[in-house]
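Residue-level structural notes
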Amino acid sequence: MKLICANFKMNFLKENILNYLENIHEKINKDRVIFFPSNLYISDFKKENYLVGSQDISFKEFGSLTGETSIKQLKELGISYTLIGHSERRKYFNDNRYINAKVKLALKNDLKVILCIGESLKERDNNLTSLVLKKEIDEALKNNNCFNLNNLIIAYEPIWSIGTSVIPDNKVIFKIVQEIKDYLKNKYDLNLKVLYGGSVNLENIDKLENISNLDGYLIGGASLQPEKFLDLIRIIK
Ligand code: PGA
């Protein structure tokens, strides 16, 4: 059974969240769908026993970091997962500098980490995809031997595919996912789940479902309308 992660990004007000919860009530398999709402609404999902994660964590547990949210505070709200390294965080918030610290902190605190990696269009066009992905994996995993790396899940998200409705060919996704799995196995002796993210929607899900080595999806825009999201989930094996 594939994992399905719903990344709401910075969308919704309280009223929308309550409507959403009403719409999905008793229609979701709570073992395989994980919601990543804004931190403000984590407890609303937790209250109804959904698996819930944060879209990010601060790189420190506590301290003078104005505007940040501590992993301890997020855990109090009920998260068991966190995204780390989403390309929007890397682009707008300089997250490349903090990935390693965030991964370590999350693993130390027994969270499951969805580590997002992916290449830009320019990198893809210059045949740098493999190199970029391996570099991002190495950076995230370095000096990490005291933590449980089996709590990592990789989300392969080509940056040029996020929010654009353009996705790579099935063959390309298959090849890259396999390369990621082989790299993790050979270099780190890890068998990790690999998800695909980037414009997953009702139009392309049947096609994506033919990719045999995928372990799930990270879904942004197509998770925002509950009825459509439910339709999408029904198709995913
Ligand atoms: P998208 O976003 O599904 O809207 O492309 C995916 C993501 O950013 O995780």
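For the structure itself, look to the data block above.
Computed from a prediction, not measured in an experiment: that's the story for all the values here.

Conventions and cut-offs
- Residues numbered from 1 in each chain as written.
- Predicted model: local features only at pLDDT ≥ 70, side-chain atom pairs only at ≥ 80, totals over all residues.
- Heavy atoms only, no water.
- Buried < 20%, exposed > 50% of the residue type's maximum accessible area, 1.4 Å probe, protein only.
- Helix = DSSP H or I, 4+ residues; strand = E, 2+ residues; numbered from the N terminus.
- Pairing = 2+ DSSP bridges.
- Near = heavy atom within 4 Å.
- Polar contact = N/O pair within 3.5 Å; in protein donor to acceptor, adjacent residues only side chain to side chain.
- Nonpolar A, V, L, I, M, F, W, Y, C, P; charged D, E, K, R; others polar.
- Axes fitted to C-alpha atoms, helices over the stretch in contact; angles between N-to-C directions.
- Parallel < 35°, antiparallel > 145°, perpendicular 65-115°, else oblique.
- Contact = heavy atoms within 4.5 Å.
- Lys, Arg positive; Asp, Glu negative; His and termini not counted.
- Salt bridge = Lys/Arg side-chain N within 4 Å of Asp/Glu carboxyl O.
- Left-handed = near helix turned anticlockwise from the far one by under 90°.
- Phe/Tyr/Trp six-rings, centres within 6.5 Å; stacked < 30°, edge-to-face > 60°.
- Lys NZ or Arg CZ within 6 Å of the ring centre and 35° of its normal.

Topic: the pairing of strand 5 (residues 112-117)
With 5 of 6 residues buried, strand 5 is to be regarded as a mostly interior element. Two elements, strand 5 and strand 6 (residues 152-156), share 5 bridges in a ladder whose sense is parallel. Paired with C116 across the two strands is A155, which belongs to strand 6.

Looking at the site of the ligand
The immediate surroundings of the ligand are formed by N7, K9, H86, E157, I162, G163, G198, S199, L218, I219, G220 and G221. Between the ligand and the protein, one listed contact pairs an oxygen atom with a backbone N or O atom of G220 at 2.9 Å. In the environment of the ligand, an oxygen atom lies 2.8 Å from a nitrogen or oxygen atom belonging to the backbone of G221. Among the residues forming the shell around the ligand, the class breakdown is 3 nonpolar, 7 polar and 2 charged.

Here's the deal with the sheet that holds strand 1 (residues 3-7)
Spatially, the 8 strands close up into a barrel ordered 1-2-3-4-5-6-7-8, and their pairing is parallel. Averaged over neighbouring strand pairs, the angle between their axes works out to 25° when direction is ignored. With 3 bridges joining them, strand 6 and strand 7 (residues 194-197) adopt parallel strand pairing. If you follow A155 over to strand 7, its bridge partner there is L195.

Describing the packing of helix 5 (residues 99-108) against helix 7 (residues 129-141)
Contact geometry of helix 5 with helix 7 gives a least axis separation of 7 Å together with a crossing angle of 55°. When the axis of helix 5 is compared with that of helix 7, the two are oblique. For the pair helix 5 and helix 7, the contacting residues are I99, N100 and V103 in the first and E139, A140 and L141 in the second. Here the residues of the contact of helix 5 with helix 7 sort into 4 nonpolar, 1 polar and 1 charged.

Details of the side chain of E157
Within the element layout of this structure, E157 appears in the loop between strand 6 and helix 8 (170-188). Although E157 is buried, it makes no salt bridge; K9 carries the closest opposite charge, 6.6 Å away. Side-chain polar atoms of E157 contact the side chain of H86, separated by 3.4 Å. If near-sequence neighbours (up to four positions away) are discounted, E157 is found in contact with H86, C116, I117, G118, E119, I162, G197, G198 and L218.

Examining the packing of helix 1 (residues 14-24) against helix 10 (residues 226-235)
Working note: a packed helix pair is described by the angle between its axes plus the distance between those axes. Running from N to C, helix 1 and helix 10 point in directions that differ by 40°, and their axes come no closer than 9 Å. With respect to their mutual orientation, helix 1 and helix 10 come out oblique. Crossing hand, helix 1 versus helix 10: right-handed. Taken together, the residues of helix 10 that come into contact with helix 1 (itself represented by Y20, N23 and I24) are P226, E227, F229 and L230. Looking at the contact of helix 1 with helix 10 residue by residue, the class counts come to 5 nonpolar, 1 polar and 1 charged.

Considerations on the packing of aromatic side chains
Counted according to the given criterion, the structure contains 14 aromatic pairs. Joined through ring pairs, the aromatic side chains of F8, F12, Y20, F35, F45, Y50 and F229 make up one cluster. Note that R89 overlies the ring of F93, its terminal NZ or CZ placed 4.0 Å from the centroid.

Topic: the pattern of salt bridges
Per the stated rule, a full pass over the model turns up 18 salt bridges. Two residues, D44 and K14, come together in a salt bridge whose shortest N-O distance is 3.0 Å. In this pair, D44 sits in helix 2 (residues 42-47) while K14 sits in helix 1, placing the two residues 30 residues apart along the sequence. With a relative accessible area of 4%, D44 lands in the buried category. Accessibility expressed as a relative area gives 40% for K14, which makes it partly exposed. Among the salt bridges present, the one from K175 reaches E179, with a minimum N-O distance of 3.6 Å. Note that K175 and E179 are positioned in helix 8 at a spacing of 4 residues, about one turn of the helix. Of the residues examined, K175 reaches a relative accessible area of 53% and is grouped as exposed. Here E179 falls in the partly exposed class, since its relative accessible area comes to 25%.

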